[in-house]
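Read off the chains here:
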Amino acid sequence: MRTTVGIIGAGPAGLLLARLLHNAGIDSVVLESRDRAYVEQRQRAGILEQGTVDVLRAAGASERMDREGLRHDGIELRYAKKRHRVDFPALTGGRSVMVYAQTEVCKDLIALQLKEGGPLLFEAEALAVEGADTDSPRVRFRHEGVEDVLECDYVVGCDGFWGVARKAVPAALSRTFERTYPFGWLGILADVPPSHDELVYAHHDRGFALLSMRTPSVSRLYLQVPEGTDAEAWRDEDIWAELERRFETADGWRLQRGPITQKSVTPMRSYVHEPMRHGRLFLAGDAAHIVPPTGAKGLNLAVGDVVTFARALTYEKETGSAELLDAYSATCLGRVWQAERFSYDMTTLLHRAPDATAFEDRLQLARLERLASSRAAETDLAEGYTGFPFG
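Residues numbered from 1 in each chain as written. Predicted model: local features only at pLDDT ≥ 70, side-chain atom pairs only at ≥ 80, totals over all residues. Heavy atoms only, no water.

*Asks:* For this particular structure, what's the right way to read the sheet that holds strand β11 (residues 146-151)?
*Replies:* The strand order β9-β10-β11 describes an open sheet built from 3 strands, whose pairing is antiparallel. A single partner strand is all that each edge strand has here, and the edge strands are β9 (124-130) and β11. Adjacent strand axes in the sheet meet at a mean angle of 25°, parallel and antiparallel pairs treated alike. Relative to strand β10 (residues 138-143), β9 runs antiparallel, the two being bridged by 6 bridges. When the bridges of β10 are listed, Ala124 appears paired with His143. (Pairing = 2+ DSSP bridges. Helix = DSSP H or I, 4+ residues; strand = E, 2+ residues; numbered from the N terminus. Axes fitted to C-alpha atoms, helices over the stretch in contact; angles between N-to-C directions.)

Shown next, in the form of structure tokens:
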């Protein structure tokens, strides 16, 4: 097989890249190791930044999102039984976010790719990227039990932290930066309408909690738990009781309970691999960087990466200049590190470390009070949450 761009991974990054390239008249082949059902069902992110929403609309992939997605114009911060709303449009010149699950984004992009785009091969396991530093990189892969080779002009690795793409970057050229947090998130899906019409981020001396949603009838909620917690060790009754404690307010607000249909624990870590390019291999999304979910940045960072690549390759096609392709890594990393900073700030603001001192507890409350009383501090949070510009 031969194509211009070989894309490893059919998550939202790989699928969106294929769509952007298709719209630019550039052919691609997408290789995905899992089957279609798995890709369309795996629960991941649910918040789309303004820039991501705009890109999906421009790409012709927003019809269902615009019909079923939930626009949110703010979030609520809770601490010491107080409530404070951060108004995004008022602080950012009209920007907002959209609640629309990654699973739904993938369903939409898969349908478009199969209808209009180039080859999308499910259960096609990428085995290795070869010749990344040559003009003719190759992806060795296995599909339907047979090994094959995809010859490319460029390879984009959208295959996550455990994928093969990053392994093709020589260790001598790589630098990694990471931080592991001593806690995780116990997340649940529950068949109950959300108890608030916007996301609620709660700081509590027992740990962080987040009230989110997937649809008007399905709630998504999270509890900070110790690292290594087994989700099944938590009884449903205990989860609801703990959520009620952490969301408690002085005005008598109440959390609505419902049947829990799914629960899992998400570890918390920060990770960046530099550079994000080696020869004609380009890394995107979790293949190059991971953020703790507190800032809702993971999916949106991946979108920024593939938008940057698609623009750069289109520019080369139109002008013959590789200037933007050569700048890919530096361009993406500028945005990545701002997102890492924002996610770190949100995580350390709202979570209680196991070894936190009384001094550190008071500092967190002081930071929250500053957000509640300073338009400048609120604006910084709102700008970060609604998204940094695509390079």
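This is not the end of the story, as more comes after the structure.
*Asks:* Honestly, the UniProt feature "domain: FAD-binding" (unreviewed entry) in the protein in this entry has me stumped. Any pointers?
*Replies:* Mapped onto this numbering, the UniProt entry gives "domain: FAD-binding" (unreviewed entry) at residues 2-343. Helix makes up 31% of residues 2-343 and strand makes up 32%, while its end C-alpha atoms are separated by 39 Å. (UniProt positions renumbered as here; feature names shortened; annotations may be inferred.)

*Asks:* Where do I start with the pairing of strand β2 (residues 28-31) in this structure?
*Replies:* Two faces, one strand: in a regular strand the side chains alternate between the faces of the sheet. Burial along β2 is two-sided: the face carrying Ser28 and Val30 and the face carrying Val29 and Leu31 are both buried. In the sheet, strand β1 (residues 5-8) pairs with β2 via 4 bridges, with the strands oriented parallel. Paired with Ile8 across the bridge in β2 is Leu31. Handedness of the crossover is the feature at issue here: the chain leaves β1, passes through helix α1 (residues 12-23), returns alongside β2, and the resulting connection is right-handed. Strand direction decides the pairing type here: β2 and strand β8 (residues 120-121), joined by 2 bridges, are parallel. Looking at the pairing, Leu31 lines up with Leu121 of β8. (Buried < 20%, exposed > 50% of the residue type's maximum accessible area, 1.4 Å probe, protein only. Right-handed = clockwise from strand over helix to strand, strands pointing away.)

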